[in-house]
Amino acid sequence: EWMPSTVQLEQRGLSLSLAPGHESFTQFLTRTYKSEYSAVGRALCAWAVHQIFGTAGASNLDSEAGRERAQVALARIYHWALLAEEVDVLEWVVLNKELTEKRWALIQALDAAGMSRQLLSFLDLWVTCLKTMVENYMAADLRDEVGRTLTQRGRIYLECGHLTKSETDLSAAVRIYEVLV
């Protein structure tokens, strides 16, 4: 009962988690405890990477439960790498070859299973990681990956009937490719 609005229960896929009760509370915590917040993000990211490469992370992408476990594990890694707000952590997560293989396998499995909502949620987080690297950390070499991901997300939006979002993503991808070519 202590300060009930400070935390809230969140449903993420099959799991429940605690989250700050309000965005302003999250911002207050991140500003006040920046170095601690960053250290926790780094530690959580390392734990999630260990989990995905360990036996707990070995999941069968042919089953819905396996896809769910893989999605949650990768989403945690990307989310916590963003929370760490450290270029070396995010860069390692974005460029790691083993994580890239797992990410593409998951994207293909979610797409093949017709799990558009889960795929869009995952691609939203991935686009955020890529854009953070390109815009904040001068990783211009990742622009083609941003374009590829926006193209894929735009296609999924189109299939789901979200025409405005699809047009926005596909137009942004075209602008990126025009600069690259």
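For the structure, check the block above.
Residues numbered from 1 in each chain as written. Predicted model: local features only at pLDDT ≥ 70, side-chain atom pairs only at ≥ 80, totals over all residues. Heavy atoms only, no water.

### Some remarks on the overall build of the protein chain
Each helix and strand counted, the protein chain has eight helices and two strands in total. Written out in order from the N terminus, the α and β elements of the protein chain read β-β-α-α-α-α-α-α-α-α. When the 181 residues of the protein chain are sorted by exposure, 36% land in the buried category. In the protein chain, once contacts between residues fewer than 6 apart in sequence are set aside, the share between residues at least 24 apart is 58%. (Helix = DSSP H or I, 4+ residues; strand = E, 2+ residues; numbered from the N terminus. Buried < 20%, exposed > 50% of the residue type's maximum accessible area, 1.4 Å probe, protein only. Contact = heavy atoms within 4.5 Å.)

### Comments concerning the packing of helix α3 (residues 64-84) against helix α4 (residues 87-95)
As a packed pair, α3 and α4 sit with axes 8 Å apart at the nearest point and diverge in direction by 155°. As the angle between them shows, α3 and α4 are arranged roughly antiparallel. Viewed along their axes, α3 and α4 form a crossing whose handedness is left-handed. The segment α3 lies against α4, with Ile77, Tyr78, Ala81, Leu82 and Ala84 engaging Val89, Leu90 and Val93. Among the residues making up the contact of α3 with α4, the classes are represented as eight nonpolar, no polar and no charged. (Axes fitted to C-alpha atoms, helices over the stretch in contact; angles between N-to-C directions. Parallel < 35°, antiparallel > 145°, perpendicular 65-115°, else oblique. Left-handed = near helix turned anticlockwise from the far one by under 90°. Nonpolar A, V, L, I, M, F, W, Y, C, P; charged D, E, K, R; others polar.)

### Thoughts on the side chain of Glu145
When you line up the elements, Glu145 lands in helix α7 (residues 143-160). Residue Glu145 is classed as buried on the basis of its relative accessible area of 9%. There is a polar contact of 3.5 Å between the side chain of Glu145 and the side chain of Arg103. For Glu145, the contacting residues outside a window of four places in its chain are Arg103, Trp104, Trp126 and Leu130. (Polar contact = N/O pair within 3.5 Å; in protein donor to acceptor, adjacent residues only side chain to side chain.)

### A look at unusual backbone geometry
Despite not being glycine, Glu85 shows a phi value in the positive range, around 50°. For Glu85, the location among the structural elements is in the loop between α3 and α4. Phi is positive for Met138, which is not a glycine, with a value near 55°. You can see Met138 is positioned in the loop between α6 (116-136) and α7.

### Structural notes on the nonpolar core
Within the largest apolar cluster, 42 residues are counted, with the highest numbers of intra-cluster contacts made by Leu74, Ile77, Tyr78 and Val94. Elements with a contribution of two residues or more to this core: α2 (34-53), α3, α4, α5 (97-112), α6, α7 and α8 (163-180). No other element matches the eleven residues that α6 contributes to this core. Here Ile77 is in contact with Cys45, Ala48, Val49, Ile52, Val93 and Leu99, once residues within four sequence places are set aside. (Core = buried A, V, L, I, M, F, W, Y, C linked by side-chain atoms within 4.5 Å.)

As far as function goes, none of this settles anything; it's purely spatial.
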